[in-house]
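# Tertiary structure, described
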Amino acid sequence: MRTLCASTLIGEFFVIGFAGLVAMKSDDLSSATVWTVCGIGMLLSVLLCGVITRPGGVQLGWALQIALVAGGFFIPMMYILGLLFGALWWASVHYGRKIDEAKARWAAQEATT
């Protein structure tokens, strides 16, 4: 699960950075605000890669997905990207857990043989 989720989070790192560049064009937002919010989001996406397997890691990932969708209030395209990454996050968690379970079964079979 860790590999799939980390790959999704690194993709989000770049999307958040590019969204910051798009948000810079807005007259309503200051550069400091844009890069503070985007910087925090980018930092969280990288830090989550390291804690994804710890308790609460997946839930923090979901919070980041919600924040991406909420970014659509400022950059409308983020609604679509946020939903796409939310679906990708779900798939990463869902199929990652299935892969982890299969690996555990294979390891148990190897140990008994």
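Structure report, in brief. Predicted, not measured: the structure shown is a model, and the values here were computed from it. (Residues numbered from 1 in each chain as written. Predicted model: local features only at pLDDT ≥ 70, side-chain atom pairs only at ≥ 80, totals over all residues. Heavy atoms only, no water.)

So, about the packing of aromatic side chains. A full pass over the atoms with the stated rule returns 3 aromatic pairs. Ring geometry for Phe 73 against Tyr 79: centres 5.9 Å apart, planes inclined by 75°, an arrangement best described as edge-to-face. Taking relative accessible area as the criterion, Phe 73 reaches 64% and is therefore assigned exposed. On the basis of an interplanar angle of 80° and a centroid distance of 6.1 Å, the ring pair of Trp 90 and Tyr 95 is categorised as edge-to-face. Residue Trp 90 is classed as partly exposed on the basis of its relative accessible area of 43%. With relative accessibility at 42%, the residue Tyr 95 sits in the partly exposed group. (Phe/Tyr/Trp six-rings, centres within 6.5 Å; stacked < 30°, edge-to-face > 60°. Buried < 20%, exposed > 50% of the residue type's maximum accessible area, 1.4 Å probe, protein only.)

Turning to the nonpolar core, a few remarks are in order. Nonpolar side chains in soluble globular proteins tend to end up buried together. Counting 22 residues, the largest nonpolar core has Cys 5, Leu 9, Ile 16, Met 78, Trp 89 and Val 93 as the members making the most contacts within it. Every element with two or more residues in this core is listed here: helix 1 (2-23), helix 2 (31-51), helix 3 (57-70) and helix 4 (77-112). By residue number, the principal contributor to this core is helix 1, which donates 7 residues. Beyond its immediate chain neighbours, meaning those up to four positions away, Leu 9 contacts Ser 45, Leu 48, Cys 49, Ile 52, Leu 64 and Trp 89. (Core = buried A, V, L, I, M, F, W, Y, C linked by side-chain atoms within 4.5 Å. Helix = DSSP H or I, 4+ residues; strand = E, 2+ residues; numbered from the N terminus. Contact = heavy atoms within 4.5 Å.)

Further remarks concern helix 4. With 36 residues, helix 4 should reach 52 Å at 1.5 Å per residue; the first-to-last C-alpha distance of 52 Å fits that figure. Along helix 4, the positions that sit buried rather than exposed are Met 78, Gly 82, Phe 85, Gly 86, Trp 89, Ser 92, Val 93, Gly 96 and Ala 102. Among the structural elements, helix 1 and helix 3 are those in contact with the buried residues of helix 4. (Expected span 1.5 Å × (residues − 1).)

Attention now goes to the packing of helix 3 against helix 4. Helices that pack against each other are described as a pair by the angle of their axes relative to one another and the distance between those axes. At a closest axis distance of 7 Å, the pairing of helix 3 and helix 4 adopts a crossing angle of 160°. With respect to their mutual orientation, helix 3 and helix 4 come out roughly antiparallel. Taken as a pair, helix 3 and helix 4 cross one another with a handedness that is left-handed. In this structure, helix 3 contributes Val 58, Gly 61, Trp 62, Gln 65, Leu 68 and Val 69 to the contact, and helix 4 contributes Met 78, Tyr 79, Gly 82, Leu 83, Phe 85, Gly 86, Trp 89, Trp 90, Val 93 and Arg 97. Residues that form the contact of helix 3 with helix 4 fall into these classes: 11 nonpolar, 4 polar and 1 charged. (Axes fitted to C-alpha atoms, helices over the stretch in contact; angles between N-to-C directions. Parallel < 35°, antiparallel > 145°, perpendicular 65-115°, else oblique. Left-handed = near helix turned anticlockwise from the far one by under 90°. Nonpolar A, V, L, I, M, F, W, Y, C, P; charged D, E, K, R; others polar.)

Moving on: helix 3. For helix 3, with 14 residues, the first-to-last C-alpha span of 20 Å sits near the 20 Å given by 1.5 Å per residue. Among all positions of helix 3, only Gly 57, Val 58, Gly 61, Leu 64, Gln 65 and Leu 68 are buried. What you see down the axis of helix 3 is that its buried residues fit within an arc of 110°, all on one side. Of the residues in helix 3, the exposed ones pointing more than 90 degrees away from the buried face are Gln 59 and Ile 66. Buried-residue contacts for helix 3 involve helix 1, helix 2 and helix 4. (Arc of directions from axis to C-beta.)

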